[in-house]
Amino acid sequence: MNSRFNVIFRLTIRFALLTTSLGLALSLPRQTEAKLFLVATSTDIASIARFVGGDKVDVESIIQGYQNPHYVDVKPSYMVKLHKADMFVKIGLDLELWAPILAEGARNSKILYGAPGFVDASVGAEILEIPQIRVTRELGDIHLYGNPHYWLDPDNGKVIAHNILEGLRRIDPENSAYYEENEAKFDKKVDALLPQLEAKMKPYAGTKVITYHNTWPNFLNRFGLVAAGYVEPKPGVPPSPAHVTSLIEKMMMEKVKIIIQEPFYETKISQFVANKTGAKLVILSPSVLGAEGVTDYFSLFDYLIDNIIRAFQEMGIKPQT
Amino acid sequence: MWKLLPLSALGGLILLSFGGMGLFAEEPDAEDEVLQLKGEMLKMKMDYEGKLGKMEERLQRLEEGNPRTANRPSYSSDTPQADSAIRNVVMTPEEKAKMEEELKGLMGEKKETAGPHPPIPSSQMPTVPEAAYPGGFLQRIRPGILQTYNPDISVIGDFTGQFFDPGRGRGDFNWTENKFENREFADRFAMREVELGLQSAIDPYARADFFIGLHEDGIELEEGFMTLLTLPKGLQVKLGQFHTAFGKVSRTHRPEIFQVDYPLIIRNLFGDEGPKDPGISVSWLIPNPWDKYIELTQEVLTTRGANEHYYVSHLKNFFDLTPNSSLEVGLTGQTGALKTRFDKGDSQVHANIEGFDLTYRWKPITSKLKPYKSFLWSSEAYFTQLDDIGFVERDPVTNNIIFKNNAEDSWGAFTYAEYQLTRRNFVGLRLDYAQTLHDNRDYEWDITPYWTFWQSDFGRWRLQYSHTERKGITPIADSDDAFTLQTTFSIGIHRPHPF
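For clarity, every value in this text was computed on a predicted model and none was experimentally measured. (Residues numbered from 1 in each chain as written. Chains lettered and ligands numbered in written order. Predicted model: local features only at pLDDT ≥ 70, side-chain atom pairs only at ≥ 80, totals over all residues. Heavy atoms only, no water.)

### Section: the overall build of chain B
Along its length, chain B carries four helices and 16 strands. The buried share of chain B, taken over its 499 residues, is 45%. Restricting the contact set of chain B to residue pairs at least 6 apart, pairs at least 24 apart contribute 57%. For chain B, the accessible area works out to roughly 26,000 Å², and carbon and sulfur atoms hold 62% of it. (Helix = DSSP H or I, 4+ residues; strand = E, 2+ residues; numbered from the N terminus. Buried < 20%, exposed > 50% of the residue type's maximum accessible area, 1.4 Å probe, protein only. Contact = heavy atoms within 4.5 Å. Areas by Shrake-Rupley, 256 points an atom, 1.4 Å probe, with all protein chains shown as cover.)

### A look at the pattern of salt bridges
Going through the model one piece at a time under the given rule, you end up with 34 salt bridges over all chains. A salt bridge links Lys158 of chain A to Asp191 of chain A; its shortest N-O distance comes to 2.7 Å. Within this pair, whereas Lys158 of chain A is found in helix α5 (residues 154-171), its partner Asp191 of chain A is found in helix α6 (residues 176-201), the two being separated by 33 residues in sequence. For Arg304 of chain B, the salt bridge identified is with Glu220 of chain B, shortest N-O distance 3.3 Å. Placement of the pair is Arg304 of chain B in the loop between β7 (293-302) and β8 (309-322) and Glu220 of chain B in strand β4 (residues 218-228), with a sequence separation of 84 residues. (Salt bridge = Lys/Arg side-chain N within 4 Å of Asp/Glu carboxyl O.)

### What to know about the side chain of His253 of chain B
Residues and elements named next belong to chain B. Structurally, His253 can be placed in the loop between β5 (235-243) and α4 (264-270). Among the residues examined, His253 registers a relative accessible area of 1% and is labelled buried. At 2.4 Å, the side chain of His253 forms a polar contact with the side chain of Glu223. Discounting residues that sit within four places of it in the chain, His253 has contacts with Glu195, Phe211, Glu222, Glu223, His243 and Tyr262. (Polar contact = N/O pair within 3.5 Å; in protein donor to acceptor, adjacent residues only side chain to side chain.)

### Some points on the packing of aromatic side chains
Scanning the model with the defined rule gives 25 aromatic pairs over all chains in all. A centroid spacing of 6.2 Å and a plane angle of 20° characterise the contact between Phe383 of chain B and Trp411 of chain B, whose relative ring orientation is stacked. Of this pair, Phe383 of chain B sits in strand β11 (residues 375-394) while Trp411 of chain B sits in strand β12 (residues 401-420); the two residues are 28 residues apart in sequence, bridging distant segments of the chain. Judged by relative accessible area, which is 17%, Phe383 of chain B ranks as buried. Assessed through its relative accessible area of 30%, Trp411 of chain B is described here as partly exposed. Plain terms: the ring middles of Phe414 of chain B and Tyr416 of chain B are 6.4 Å apart, the flat faces sit at 10° to each other, and that makes the pair stacked. Comparing Phe414 of chain B with Tyr416 of chain B shows no difference in burial state: the two are buried. Through a chain of ring-to-ring contacts, three or more aromatic side chains come together here, namely Phe51, Phe186, Tyr297, Phe298 and Phe301 of chain A. The ring of Tyr178 of chain A is capped by Lys56 of chain A, whose NZ or CZ atom sits 5.0 Å from the centre of that ring. Positioned over the ring face of Phe225 of chain B is Lys238 of chain B, at 4.9 Å from the centre of the ring. (Phe/Tyr/Trp six-rings, centres within 6.5 Å; stacked < 30°, edge-to-face > 60°. Lys NZ or Arg CZ within 6 Å of the ring centre and 35° of its normal.)

Shown next as structure tokens:
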């Protein structure tokens, strides 16, 4: 072997040894931190976890509010985050197909599926559109366990909070009373807010809207709106000219004037539909931190309801008395 | 009595006549009623139309009075859409066809718009009742639970069709036996590989992954390993047969890499399907004060066929530069037995290899940036020191068997960049350089532009051109060109690969 390659080889080995030694030195047990570290997949779940965990937890989310939760790159940096986590909370229902890879790559047995620190927030929530036949990809991206956007019903927010509470009880039983109190406060806040939101939307009950993706069934169901169609021909399938044309025809027939779309999809097709039908395209983030001022789970619903009502008013949709 | 018959008949006729007259006498009354009803209905219709017209007018006035909607095409405006809506004949077939053409232009690509989602053309969609989407007939039957304990099963098909031009050197050299390349799939269609994947948790502590390759010449275990997931101190152990932790590209199965084939240096070192052998892999997520991903992997493996060990070390460092971009830097060291692409049966060599890999990714996740753009740049370089070896080679000039015994240092590298044009279209370019392992005076380089079209997340088309130049002291084919069409398609659940 010539000297040049030997030098490179030796340098490589030395670097590896140096890094290994540094890592070993730093791998000594960390000082026990006062707060638990919770990692949630989404900002919505993280927001609820903050309410329940209060000042005894630090909470971070994997994805940001403006990201599409269906498609997330399995970045090693997320694994580092999960490596340190005491609890991992998922939306569940196979929305985050990327999450198991992260959890396994994190080398943290506390947060693996079935471990005390693993929480599936969907358990017990009202889940809509659970497929009742054999599901294949011919139907688009149908989720086998039902529509996973269930957090968009505040009543399901209470279920999420309860699931997080159960997780915290498991990993930190000493502070159970504190978490229970927080959860009760959260529930009370939901119970106070929900009738107000429903009252705001009640005059528009039955109003038809178009949505880009089938993100909103829980929200629409809760607040009495009706999905007249979707810009996607099937969930997760990009719009085709034939479908868009028939959607335009349907909107004109049924005089649908609102198109709701999430910020992470391209708007040109929806805008085209809006232009052709005289409808208004409303970009709405279905998640906390997905839009300005949407700082927590409660402000998410204020933001959604206010923007939809504003759009109704702009389009001359009169409240029914 | 018979005299009474005419009278009876007459009486009967009279009675019938009266009866008939009675019947006919009622007919004018019913007709009047029908006419009356018709008139009332007509009046109601006119009233209804009048009211409807007034409502339309009111609606029009309201909408015209709204400054936000004044300039917007609407049902109450004079647009053709509005007319057609009022006529309740929303669009004529011609109008529909025109709109579809307009949409095709807007979408930029035939029957697609964007995104990593499955873009199945609507015309090819299986007919599913509309109610299926919002939850119609899908709600009726409970899903089966028998498959709950089954592993995730996936099948990937890798089809290629290659046009190959040996180019210069054709007349004096048989390219199918040259020391650089053995193009198994040249100038033909081939179902290069069918990969069956079975993946599942074994128990709360471990998971198993099996990938079985079905090739034209038989079945081969691509990978089959168990991963222990619950070890302390950030450790993870893998046992079985697996792709080694050598570099970055070679860790991914061939059907899933960014080009049709592995780069030259990977193929020369390990063969067409990359490095894979049975062994044990221990990886450690190294804690550090910067909370960065630093992973050290140590592996001991046995060469298949020759049954000698070799050792692989890989250090992987990952940095998030911004929320939209990242950098991965890796170092690889390998020592021990090496079964190169030229070693068949129990033949093998011994070598040390050092490697360096660098990957930059840019993929915007913020809503303000374009949602379907991304960029990837990845480079790897490997330096090989072959120990003194004895090997047999066919002299390309005399065709005699010759015996060589020498030690050789060589190196090879590749770099490629890929840019996402639209939701489903990617273009890329790879540059390759590799010295031959046994004689560094011979080398080859390769330029490979390619275009990848994702029909959906589960179907991918690729068109690749490859031009290869060779130089050296031995008489070899100087160059060749290859056009390859690759189609890769999968069914079932295939877990995403780590970043």
